[in-house]
Every structure is written in structure tokens, then in C-alpha cells.
Amino acid sequence: MPPTELGVCDAHDHLFFGSPRLPGQELRSVAAARAELVAFRGQGGGAVVQWTPYGLGRRAADLPPLSRETGVHVVAATGLHQAVHYDEDTLKRLRGRLADVFVSELTEGIGASGVRAGLVKVAGGFHALDAHARWTMTAAAEAHHATGVTVAVHLELGTGALDVLDLLCGELGVPPHRVVLGHLNRSPDLAVHRQAAESGCYLAFDGPSHAHHATDWRMPDAVRALADAGSDRLVLGADTTTAAARSVGGGPGMPYLLRRVRPRLVHAVGEDLVGRILTENPGRAFAVEWR
């Protein structure tokens, strides 16, 4: 589909997600995912980019009917999260063929679903890149060079952005505009934000409502500082990772991004910039000229 048809985009979220690190909080319910999309649509939402990677309960076959039923576009992901989210047998099965798995899911489909992924999601560590992160990012770069897709990166508590850029864009040759750095707002270091933005990559400010991550009350200042510096390559996401965080489960969920975060940012930086951040930027950040 043309990038201009995405509409208002939640650029980092999860309809389905499960990890041993979050026992009992898995996102598995199709009915709850449908209700969340309907609530998001009710606030003017048009698209959701699901960053759930390989092995963490993507339920790819359920995404197309959910999209059709709710009128919200959904983008699926391939990729691999931090090692702590997997058992050793799963990681062993992927040794020596990780890039091939990514490319297959991008070009042929995820499992037997026939649903093709639209991005690669990988992850760094806290202020560092361990061997697992370097392995997954190298495979992600290979997948990018084979297909042209964007590489989206989970930054642990928003840290390690410059190390990720050194590896992905420096050593591995991924063009910066094909990289989206997630969770940068969770480490409100305005100097690092500006350095990352100057590279030409996209910055994802996501996971609002997590007060302990400084995501709400410092986000307007961070967006304004970037805008004042001439940087507007930002995207926004709700990053709903637990059942309790869904709006249908009593939490803020996807609608909060548009119901509360959007007007607050409009007050800080104006309607035009926020409109671009929610519509044009995701279209550019995730657009692919398939190779």
C-alpha cells in the first residue's frame, strides 16, 4: 500500500506479545486486540506497527482479519528480541540462519500464515551491545540489504542509541533513514537525542503513561528541543506490552496516544508538526522499495 494511506499511525505497539519475563500478562486474546483497535480507531487512529518479533506470540494469521474488521492497517514484524526472552533451544535453532529467517518472513511469510513482515525488530542492552545484540543486528542488516526494509531497535530504557548507530549504520552499512530507534524518550538525554537525530535516523518516542520512565512529562520538552534544533524525524507509539496496560483492561492502551499525548504535544509544538509526526513520518520511516 502507498505510505500516504497509513493515516494516523501508532508506530510502535503490540496486539499480541508473550514473554517469560512477563508471566501472566501475555497479549493473547483476539477479542481484546479487536476491542483495542476499535478504541484506537475511535480516536482517529489509522494504522498500528506491531513490533512483536519471532517467537514471542505474533499470531500473524490473526492480523489480516483484525485489520479488515476494524479498519486499522496493521504492519507485522520479523526480528529477534534480547536473549532473555528465549530459551536456549530456540536460539540454537537460529544459529547460522538468522538472516535467512528474517528474509523469508519478509518475502514469503511468517510460518504458514502467508503474512509477510514489513520490518525487522532487534534489541540492544542497557548502555551496551552484547554478543547477542551484535548477532541479531548483523542479521537484521543483512535482511535490510536483501530487501530494503527498515530496522527497528528496542533500546533498553532508551540507552545505547549511539552504539547502535555505530554498528548498524557505521559497520554494517544500513542507511540511517532505514533505522528507527525505540524508547529514546525513556532516557531523556537531550544531547543524545540530538546526536541520534543528526544521523538521519528516526526516533521513536513510545510507551507513554509509564511515569517511572519519564515518558509523559518530559516528552514535550524533548520534542520541542528537537524541533528547535531542526530535527523532526520522530514517530510516536503506545508500546502496549501487557494485558493490564490495554485500555480494554483498564489501562491507557493505544487510545491514550491520541486522547492525551497528542493534545499535549500540540500545545508544546503545534498542530502541523504533531500531524507530520503521526502521519507523514511513519509512512516514510517504514516505507519499503522492495528489492
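In case you missed it, the structure is sitting above this.
Everything quoted here is computed from the prediction, not taken from an experiment.

**Some words on the packing of helix α9 (residues 253-269) against helix α10 (residues 271-286)**
Each pair of packed helices can be described by the angle between their axes along with the distance between the axes.
Alright, step 1. Closest axis-to-axis distance for the α9/α10 pair is 7 Å, and the angle between their directions is 135°. Between α9 and α10, the crossing angle belongs to the class labelled oblique. Packed against α9, whose contacting residues are L258, R262, L265, V266 and V269, the element α10 presents E271, L273, V274 and L278 at the interface.
Alright, step 2. Partitioned by chemical class, the residues of the contact of α9 with α10 number seven nonpolar, no polar and two charged.

**Describing the environment of Q50**
Alright, step 1. Positionally, Q50 belongs in strand β2 (residues 47-50).
Alright, step 2. Classification of Q50 as buried rests on a relative accessible area of 1%.
Alright, step 3. A sequence separation of 208 residues divides Q50 from L258, and the C-alpha atoms of the two residues are 17 Å apart.
Alright, step 4. Of note is the side chain of Q50, whose polar atom sits 3.4 Å from the backbone oxygen of R58.

**Some details on the sheet that holds strand β3 (residues 73-75)**
Alright, step 1. With parallel pairing, three strands are arranged side by side in an open sheet as β1-β2-β3. Since the sheet does not close on itself, it has two edges, and those belong to β1 (9-13) and β3, each with one partner. Strand-to-strand twist of the sheet, defined as the mean angle between neighbouring strand axes without regard to direction, takes the value 15°.
Alright, step 2. As defined by bridge partners, β2 adjoins β3 across three bridges and the pair is classed as parallel. If you follow A47 over to β3, its bridge partner there is H73.

**A short note on the sheet that holds strand β5 (residues 119-123)**
Alright, step 1. Across the sheet, six strands lie side by side as β4-β5-β6-β7-β8-β9; this open sheet has parallel pairing. Only two strands of the sheet have a single neighbouring strand rather than two, namely β4 (77-79) and β9 (234-237). On average, adjacent strands in this sheet sit at an angle of 30° to one another, irrespective of strand direction.
Alright, step 2. Where strand β7 (residues 179-182) meets strand β8 (residues 202-206), three bridges bridge the pair, whose relative direction is parallel. Bridge pairing links V180 to Y202 in β8.
Alright, step 3. Contacting β8 and β9, helix α8 (residues 219-228) runs over the sheet at an angle of about 165° to β8.

**Digging into the environment of A140**
Alright, step 1. With respect to the helices and strands, A140 occurs in helix α5 (residues 131-147).
Alright, step 2. Of the residues examined, A140 reaches a relative accessible area of 0% and is grouped as buried.
Alright, step 3. For the pair A140 and D232, spaced 92 residues apart in sequence, the C-alpha to C-alpha distance is 25 Å.
Alright, step 4. Residues contacting A140, with those up to four places away along its chain left out, are F102, V120, V122 and V151.

**Comments concerning the pattern of salt bridges**
Alright, step 1. Throughout the structure, instances matching the rule amount to eight salt bridges.
Alright, step 2. Between E105 and R58 there is a salt bridge; the shortest N-O distance is 2.7 Å. Highlighted residues: E105 in helix α4 (residues 98-107) and R58 in the loop between β2 and α2 (63-70), separated in sequence by 47 residues.
Alright, step 3. Overall, the relative accessible area of 9% leaves R58 in the buried class.

**As for the pairing of β1**
Alright, step 1. Taken across its five residues, β1 has five buried, putting it largely inside the fold.
Alright, step 2. Sheet analysis places β1 next to β2, joined by three bridges and oriented parallel. Its bridge partner lying in β2, D10 is registered against V48.
Alright, step 3. In this region the chain leaves β1, passes through helix α1 (residues 30-42) and returns to the parallel neighbour β2; the handedness of that crossover is right-handed.

**A word on the pairing of strand β6 (residues 150-154)**
Alright, step 1. The buried fraction of β6 is high, at five of five residues.
Alright, step 2. What you see with β6 is no split at all: T150, A152 and H154 on one side and V151 and V153 on the other are buried throughout.
Alright, step 3. As paired elements, β5 and β6 share five bridges and run parallel to each other. Across the sheet, K121 pairs through a bridge with A152, a residue of β6.
Alright, step 4. Once the chain exits β5 it traverses α5 before rejoining the sheet at β6, and the crossover so formed is right-handed.
Alright, step 5. Both β6 and β7 contribute to a ladder of four bridges, which runs parallel. Residue pairing in the sheet places A152 in a bridge with V180 of β7.
Alright, step 6. Handedness of the crossover is the feature at issue here: the chain leaves β6, passes through helix α6 (residues 161-171), returns alongside β7, and the resulting connection is right-handed.

Each value, and the rule that gives it
- Residues numbered from 1 in each chain as written.
- Predicted model: local features only at pLDDT ≥ 70, side-chain atom pairs only at ≥ 80, totals over all residues.
- Heavy atoms only, no water.
- Axes fitted to C-alpha atoms, helices over the stretch in contact; angles between N-to-C directions.
- Helix = DSSP H or I, 4+ residues; strand = E, 2+ residues; numbered from the N terminus.
- Parallel < 35°, antiparallel > 145°, perpendicular 65-115°, else oblique.
- Contact = heavy atoms within 4.5 Å.
- Nonpolar A, V, L, I, M, F, W, Y, C, P; charged D, E, K, R; others polar.
- Buried < 20%, exposed > 50% of the residue type's maximum accessible area, 1.4 Å probe, protein only.
- Polar contact = N/O pair within 3.5 Å; in protein donor to acceptor, adjacent residues only side chain to side chain.
- Pairing = 2+ DSSP bridges.
- Salt bridge = Lys/Arg side-chain N within 4 Å of Asp/Glu carboxyl O.
- Right-handed = clockwise from strand over helix to strand, strands pointing away.

Without other data, these values stay purely geometric and don't point to any function.
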